[in-house]
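# Commentary on secondary and tertiary structure
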Amino acid sequence: MGAPALQLDSPVKMAVRGLTVRYGEAAALHEVTLDVPERRVTALIGPSGCGKSTFLRCLNRMNDTIRGVRITGEVTLDGENIYGPDVDPVELRRRVGMVFQRSNPFPKSIFDNVAFGPRIHGVKDPVALREIVERGLRQAALWEEIEDRLDSSALDLSGGQQQRLCIARALAVEPDVLLMDEPASALDPIATAKIEEHIQELKETYTIVIVTHNMQQAARVSDFTAYFYLGRLIEFGPTDRVFTNPTKQETEDYITGRFG
Amino acid sequence: MSSNYRRRRLVERIMFGATGLATGFTVGILIFLLGFLVYQGGSSLSLDFFTHLPTPVGEAGGGMANALVGSAKLLFVAALIGIPLGFFGGVYLAEFGRGPLAFTIRYAADVLNGVPSIVIGVTVYGMVVVPVGHFSTLAGGLALGLIMVPVTLRTTEEFLRLVPTSLREGSLALGAPKWVTIVRVVIPAGLRGVMAGVLLSLARVAGETAPLLFTSFGNRFWSEGWLQPTASLPVMIFTYAVSPYDDWHRQAWAAALVLLLLVLGSNVLARLILQRGQGLRRAS
């Protein structure tokens with residue numbers, strides 16, 4: 001498959017080499033090789049079942065929790081193989097955060113949701129916790145809306161607010177990389193616009209990998225785009241080029257809406 | 001109007017009537033039971049009933065204070081045995097329960113759940129009462145506790161399984177180890193259901209009579225500590241109801257009424273606990 005002979009304008013944060021994922025006998029990903037550039041937004045696009053979510057879940061070893069998954073190949077974070085024998089997936093996930101397709105706030109207060117990560121990683125000081133919570137909520141552009149009701153249940157928030165709360169919760173553990181699995185697919189256009197807007201701010205600090213079904217969204221928010229089809233990486237390059245001048249016929253068919 | 005339509009409407013009315021009748025009948029049984037108990041035992045239900053010891057044979061009046069306290073003590077021992085075993089077993093099954101071991105535990109729990117309570121009673125009699133040489137609260141509580149284990153285990157498992165996978169993943173993705181996820185996310189999210197289940201299993205064993213007949217036996221007086229035979233509501237009902245005295249019959253009815261109200265109360269409480277939790281589950 002395609003070599004990563006890509007001129008990136010930024011250092012490589014995560015490097016994926018020959019990644020193959022099998023669920024039982026069926027392979028969900030074939031020999032994917034790709035570089036995730038630091039402090040950039042990388043979008044993964046492709047039709048349903050193309051393996052983009054599976055790929056994303058390999059980057060924080062979330063697939064480890066599913067039975068019968070076999071993963072071969074190499075994924076590095078800052079040069080270190082995250083599937084190496086002495087890597088603790090729990091520690092890895094602190095560095096590689098994740099936001100899910102469906103918002104999944106814990107049935108706790110807003111404050112306790114955001115403080116959950118820092119608390120389990122040992123932050124006990126209430127003043128420090130408060131600062132972390134406020135910073136996380138500000139980064140997720142949620143602070144102004146809920147600052148006076150941090151103690152109310154997270155489940156009373158609207159769908160878009162819940163998703164931004166989940167982003168705040170992920171940011172509160174200060175990861176290096178933020179994985180987003182279709183974070184706006186269940187949201188209305190206004191909430192989506194808010195999330196897209198702050199993805200632009202977040203990339204100044206974080207490396208972001210985002211799975212999306214929405215090609216306009218990929219074009220709007222990302223610097224690099226990877227197109228997956230049937231478990232293979234078909235094309236990967238700067239978003240402008242992929243959308244205006246794709247090198248592969250499959251990519252062109254997909255982004256012009258001829259299928260998928 | 002076509003004949004087809006008329007026929008459909010007729011069938012609909014008959015079926016509607018039948019389901020309504022069945023519903024009414026079910027509710028009716030409960031209301032009848034309550035009414036009958038009030039009619040038969042209401043007159044004996046006085047303050048004395050709750051505060052006095054049984055009177056000697058032939059003397060009217062008296063109460064069942066010792067049986068009430070005895071039942072409470074039996075349930076306490078049963079909860080001490082049944083809740084931890086069932087709860088932790090349920091957590092294991094829900095969170096780690098795969099493979100042949102879990103299958104065996106689940107299967108054993110279901111079989112144990114179907115074992116007649118008198119068999120549990122006779123087992124405790126043979127293994128505890130006979131070697132020790134006397135009946136006791138502990139032996140009775142042990143029998144009730146064993147009956148509770150499979151019920152608590154399976155309800156804990158069921159309610160923890162209802163906690164969405166997305167919550168577990170959300171916690172794991174924040175770098176929480178599995179045990180932290182279980183203790184701080186899964187169990188709190190499913191706790192209301194587990195509590196309701198525990199309450200229902202307590203209500204169930206509160207009315208068990210057979211296993212108590214030869215474990216805690218009975219007692220006309222206060223039972224001190226945990227190692228003496230003790231009175232309990234169900235056994236008291238049994239003893240009084242088969243006795244030849246009218247006054248005892250009335251007291252048996254009163255005790256039955258108290259027992260039924262306790263069970264009914266726990267059921268209502270369990271339902272309230274679950275309903276308050278519903279809001280949380282629906283939104284997630």
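What counts as what
Residues numbered from 1 in each chain as written. Chains lettered and ligands numbered in written order. Predicted model: local features only at pLDDT ≥ 70, side-chain atom pairs only at ≥ 80, totals over all residues. Helix = DSSP H or I, 4+ residues; strand = E, 2+ residues; numbered from the N terminus. Buried ≥ 20, exposed ≤ 12 C-beta atoms within 10 Å, placed from the backbone. Contact = placed C-beta atoms within 7 Å. Rg over C-alpha atoms; globule rule 2.2 N^0.38 Å. Pairing = 2+ DSSP bridges. Nonpolar A, V, L, I, M, F, W, Y, C, P; charged D, E, K, R; others polar. Axes fitted to C-alpha atoms, helices over the stretch in contact; angles between N-to-C directions. Parallel < 35°, antiparallel > 145°, perpendicular 65-115°, else oblique. Left-handed = near helix turned anticlockwise from the far one by under 90°. pLDDT = per-residue confidence, 0-100.

### Concerning the overall build of chain A
Within chain A one finds 10 helices and 10 strands. Here chain A holds 260 residues, and 47% of them are scored as buried. In chain A, once contacts between residues fewer than 6 apart in sequence are set aside, the share between residues at least 24 apart is 69%.

### Some points on the overall build of chain B
A tally of helices and strands in chain B yields 11 helices and 0 strands. Reading the secondary structure of chain B in the N-to-C direction produces α-α-α-α-α-α-α-α-α-α-α. Computed over the C-alpha atoms, the radius of gyration of chain B is 24 Å, more than 25% above the 19 Å expected from 2.2 N^0.38 for a compact globule of 284 residues. Its C-alpha atoms give chain B principal-axis dimensions of about 70 × 65 × 30 Å.

### A word on unusual backbone geometry
All names here are of chain A. Residue Glu 31 is not a glycine yet carries a positive backbone phi of 45 degrees. Relative to the helices and strands, Glu 31 is located in strand β2 (residues 26-37). Under the C-beta neighbour-count criterion, Glu 31 is labelled partly exposed, with 16 such atoms within 10 Å. Of note in this structure, Arg 61 is not a glycine but carries a positive phi near 55 degrees. Examined against the element boundaries, Arg 61 turns out to sit in the loop between α1 (52-58) and β4 (69-77). Exposure remark for Arg 61: the 20 C-beta atoms within 10 Å place this residue in the buried category.

### Brief notes about the sheet that holds β4 of chain A
Pairing is antiparallel in the open sheet, where 4 strands are placed in the order β2-β1-β4-β5 (chain A). In this open sheet, the two edge strands, each paired with only one partner strand, are β2 and β5 (80-81) of chain A.

### Brief notes about the pairing of strand β10 (residues 232-238) of chain A
Residue and element names in this part refer to chain A. Pairing geometry for strand β9 (residues 224-229) and β10, over 6 bridges, is antiparallel. The residue of β10 that forms the bridge with Ala 226 is Phe 236. As consecutive antiparallel partners, β9 and β10 are separated by 2 residues, and within that stretch Leu 230 has a phi angle of approximately 50 degrees, a positive value.

### Considering the interface of chain A and chain B
Taken together, the contact between chain A and chain B spans 22 residues of the former and 16 residues of the latter. In terms of residues, the side of chain A that touches chain B owes the most to one element, helix α2 (residues 89-95) of chain A, which gives 4 residues. For the side of chain A that touches chain B, the residue count by class is 11 nonpolar, 6 polar and 5 charged.

### What about the packing of helix α3 (residues 65-96) of chain B against helix α6 (residues 137-161) of chain B?
Residues and elements named next belong to chain B. Axis separation between α3 and α6 bottoms out at 6 Å; the angle between their running directions is 30 degrees. Between α3 and α6, the angle falls in the class roughly parallel. Between α3 and α6 lies a crossing of right-handed hand. Considering only residue class, the contact of α3 with α6 consists of 19 nonpolar, 10 polar and 5 charged.

### Considerations on the confidence of the model for chain B
Residues and elements named next belong to chain B. Confidence along chain B averages 90 in pLDDT terms, with 97% of residues attaining 70 or more. This stretch, residues 279-284, has a pLDDT under 50; its non-local contacts, to residues over four places away or in other chains, come to 7 contacts. Across the predicted assembly, pTM comes out at 0.85 and ipTM at 0.90.

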